[in-house]
Amino acid sequence: MNTVLAIVLLLAASVLSGGDESPSAGDITDSWLFDIITDISSDEERSWAKPIKSVDMDRMLELMETGLLTFHKADWFAEVDDE
Amino acid sequence: MMSNSVQCVLCPHLCTLAPGERGRCGVRLNVEGELVSLVYGRPVAVHIDPVEKKPLFHFLPGIDVFSIATAGCNLKCEFCQNWEISQAVPEDMTPYDMPPEAVIENALDFSCRAIAYTYTEPVVYFEYTRDCARLAREAGIKNILVTAGYINPGPLSELAQYIDAANVDLKAMSDDYYRNICGGTLQPVLDTITYLKESGTWVEVTNLVVPTLNDDPDEIDSLSRWVLENTGEDTPLHFSRFFPMYRLTDLPPTSIDTLRGARERAMEIGLNHVYVGNAVTQDGMTTECPECGETLVVRQGFMITENNILNGKCGNCSAPIAGVWDGMEEE
């Protein structure tokens, strides 16, 4: 249910934003929307999905410097407010 | 107070990631409060395929398609036929260095009329797909998305504007199946199919028929009926043959009889173009005119051996045939 609501909000956001530019945390003006999405989805269990895992950041940086990985800024994410 | 955690809103998993964590796709990482793609411009598979291999049977038959994939997928299908790259993490792969400009250049050099984002899951390399697709559109190259459709509506609408054709994998009509076998949910996939259809993308649907898991005739009927009622009678549906792979090596390959039966049921329900994939059958690979029954396109494997569609119409009775065909755009 929460995911459905989040998706509805995302669809609304895409319509309101004009559709051409991706929202990323650096240029979101409607941060309230992503706060809502975060709130309603952060506690949802997804035992059926792949787990979220930490990486060995030193190795990732090393691979990024050699060009085998990129640290290309992604779109479609929101900063999480702990409060 | 901001915690440097981020939430990826690209797909319905909505992963919340602390710094140093990556999403369920394995390729989107929180680096000090900023989400980054680990695979932008780093495909691990680059091939030239016939469009029939995607499979797309009603989209410019016979054309060569420049086909790329990075590592990663946001699902974890136990039957995955490309699991070596889809379930891999990018640091365990040796990729090509191929920024979007190089993709377009290569596609043009090899006379490919389309680029396919395929093999793994283009949703997880969203930014790369979108940037390639945008440049391809400018260069007059078509864009093909081969996807499981597990994406949120906002990103989908951004991507869809550049996509000319899509083959969406509809794995079953059961949410339990998606959760238990694939690590996802059903409804977002259905939403993706209807959105793409309504937004003008040419859509074909593939269903991998897995023995004992989703080959029940009622399941086949339910899926066929959904395709008919939500995308129309002219949407091609491909029933694809399963081979034992990844975590389902204890199941046999799908029998040809099962695939033929699925095709017959779907056509009885009212779909005009139903095909059998990953298997050599004569009738399951042939396009017929829904009006006069004339044989229009004959395929041997991925080769076109006969094509009687003229400017998008049946060569016999001139009924329009759904799809994107050479000669149509000039009309």
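Every value quoted in this text rests on a predicted model; they were computed, and no experiment measured them.

So, how was this worked out
- Residues numbered from 1 in each chain as written.
- Chains lettered and ligands numbered in written order.
- Predicted model: local features only at pLDDT ≥ 70, side-chain atom pairs only at ≥ 80, totals over all residues.
- Heavy atoms only, no water.
- Helix = DSSP H or I, 4+ residues; strand = E, 2+ residues; numbered from the N terminus.
- Buried < 20%, exposed > 50% of the residue type's maximum accessible area, 1.4 Å probe, protein only.
- Contact = heavy atoms within 4.5 Å.
- Salt bridge = Lys/Arg side-chain N within 4 Å of Asp/Glu carboxyl O.
- Pairing = 2+ DSSP bridges.
- Polar contact = N/O pair within 3.5 Å; in protein donor to acceptor, adjacent residues only side chain to side chain.
- Axes fitted to C-alpha atoms, helices over the stretch in contact; angles between N-to-C directions.
- Buried area = accessible area lost by both parts, 1.4 Å probe.
- Nonpolar A, V, L, I, M, F, W, Y, C, P; charged D, E, K, R; others polar.
- Phe/Tyr/Trp six-rings, centres within 6.5 Å; stacked < 30°, edge-to-face > 60°.
- Lys NZ or Arg CZ within 6 Å of the ring centre and 35° of its normal.
- Patch = residues over 30% accessible without salt bridge, like charges linked within 9 Å, V, L, I, M, F, W, Y side chains within 5 Å.
- Areas by Shrake-Rupley, 256 points an atom, 1.4 Å probe, with all protein chains shown as cover.
- Lys, Arg positive; Asp, Glu negative; His and termini not counted.
- Charge placed at Lys NZ, Arg CZ, Asp CG, Glu CD.

Asks: Can you tell me about the overall build of chain A, naming the residues and giving the values?
Replies: In terms of regular secondary structure, chain A is built from three helices and three strands. Ordered by position from N to C terminus, the α and β elements of chain A give α-α-β-α-β-β. By the burial criterion, 41% of the 83 residues in chain A qualify as buried. Taking the intrachain contacts of chain A between residues at least 6 apart in sequence as the baseline, contacts between residues at least 24 apart amount to 76%.

Asks: Can you break down the pattern of salt bridges residue by residue, with the values?
Replies: As a working rule, side chains carrying opposite charge can pair if their charged atoms are close by. On inspection of all chains with the given rule, the structure shows 16 salt bridges over all chains. Residues Arg59 of chain A and Asp92 of chain B are paired through a salt bridge, measuring 3.8 Å at the closest nitrogen-oxygen approach. Here Arg59 of chain A is found in helix α3 (residues 57-66), whereas its partner Asp92 of chain B is found in the loop between α1 (83-86) and α2 (100-109) on a different chain. Here Arg42 of chain B and Asp97 of chain B are joined by a salt bridge, their closest N and O atoms 3.1 Å apart. Of this pair, Arg42 of chain B sits in the loop between β5 (34-37) and β6 (45-50) while Asp97 of chain B sits in the loop between α1 and α2, and the two are 55 residues apart along the sequence. Judged by its relative accessible area of 58%, Asp97 of chain B falls in the exposed class. Look at the salt bridges and you will find they share partners, linking Asp75 of chain A together with Arg130, Asp131, Arg134 and Glu158 of chain B into a network.

Asks: Lay out the environment of Trp202 of chain B with the relevant residues and their values.
Replies: Structurally, the position occupied by Trp202 of chain B is in strand β11 (residues 202-209). With 154 residues separating them along the chain, Trp202 of chain B and Ile48 of chain B place their C-alpha atoms 21 Å apart.

Asks: Before we move on, can you summarise the sheet that holds strand β14 (residues 287-288) of chain B with the specific residues and values?
Replies: In a beta sheet, neighbouring strands are held together by backbone hydrogen bonds and run either parallel or antiparallel to one another. All names here are of chain B. The three strands are arranged β14-β15-β16 in an open sheet whose pairing can be described as antiparallel. On the outer flanks of this sheet lie β14 and β16 (303-307), each paired with one strand and no other. Looking at chain direction, strand β15 (residues 295-300) and β16 are connected through four bridges and run antiparallel. Counted as the bridge partner of Val297 is Asn307 from β16.

Asks: Hey, could you go over the side chain of Thr235 of chain B for me, with residue numbers and the actual values?
Replies: Residue and element names in this part refer to chain B. Its place among the elements puts Thr235 in the loop between α7 (217-231) and β12 (237-241). Here Thr235 falls in the buried class, since its relative accessible area comes to 0%. In this structure the side chain of Thr235 is engaged in a polar contact, spanning 2.9 Å, whose partner is the side chain of Thr231. The contacts of Thr235, once residues within four sequence positions are left out, are Lys197, Val203, Glu204, Val205, Val227, Leu271 and His273.

Asks: Just give me the short version of the sheet that holds β12 of chain B, but keep the residues and values in it.
Replies: Residue and element names in this part refer to chain B. Taken together, eight strands build an open sheet; the order of strands is β6-β7-β8-β9-β10-β11-β12-β13 and the sheet is mixed. Every other strand in the sheet has two partners, leaving β6 and β13 (274-277) as the edge strands with one partner each. Here the average twist between neighbouring strands, direction ignored, is 20°. The sheet contact formed by strand β10 (residues 165-169) and β11 spans five bridges and is parallel. Bridge pairing in β11 places Asn167 opposite Glu204.

Asks: Explain the interface of chain A and chain B to me, and be specific about the residues and the numbers.
Replies: With 45 residues of chain A in contact, the opposing surface of chain B contributes 59 residues. Of the roughly 4,500 Å² buried at the junction of chain A and chain B (both faces included), carbon and sulfur atoms supply 58%. Sorting the residues of chain A by area buried against chain B places Trp48, Lys50 and Trp76 of chain A first, and these three jointly supply 19% of that buried surface. Summed over the shared surface of chain A and chain B, the number is two salt bridges. The interface formed by chain A and chain B holds 24 residue pairs in polar contact (both at pLDDT 80 or more) in total. Contributing elements (two or more residues each) for the side of chain A that touches chain B: α1 (2-16), α2 (31-41), β1 (53-54), α3, β2 (72-73) and β3 (77-81) of chain A. Per-element accounting of the side of chain A that touches chain B gives the leading share, six residues, to α1 of chain A. Tallied by class, residues from the side of chain A that touches chain B come to 22 nonpolar, 11 polar and 12 charged.

Asks: Break down the packing of aromatic side chains for me, with residues and values.
Replies: All names here are of chain B. Summed over the entire model, instances satisfying the criterion amount to five aromatic pairs over all chains. With a centroid separation of 5.2 Å and 20° between ring planes, the pair formed by Trp83 and Tyr246 is classed as stacked. Taken together, the positions of Trp83 in helix α1 and Tyr246 in the loop between β12 and α8 (256-269) put the pair 163 residues apart, joining distant regions of the chain. Judged by its relative accessible area of 21%, Tyr246 falls in the partly exposed class. Above the plane of the ring of Phe57 lies Arg299, whose end atom (NZ or CZ) is 4.0 Å from the centre.

Asks: Give me unusual backbone geometry: which residues, what numbers.
Replies: It is generally the case that most residues other than glycine have a negative phi and that most peptide bonds are trans. Residues and elements named next belong to chain B. Looking along the chain, the bond that leaves Lys54 and enters Pro55 is cis, with omega of -5°. Positionally, Pro55 belongs in the loop between β6 and β7 (64-69). Even without a glycine there, the phi angle at Asn311 is positive, about 50°. Within the secondary structure layout, Asn311 lies in the loop between β17 (309-310) and β18 (313-314). Accessibility expressed as a relative area gives 41% for Asn311, which makes it partly exposed. A positive phi angle, near 70°, is found at Ser318, a position not held by glycine.

Asks: Describe a negative patch on the surface, and please don't skip the residues or the numbers.
Replies: All names here are of chain A. Side chains of Asp56, Asp58, Glu62 and Glu65 sit close together on the surface and give a patch of like negative charge. On the secondary structure map, Asp58 appears in helix α3. Overall, the relative accessible area of 60% leaves Asp58 in the exposed class.

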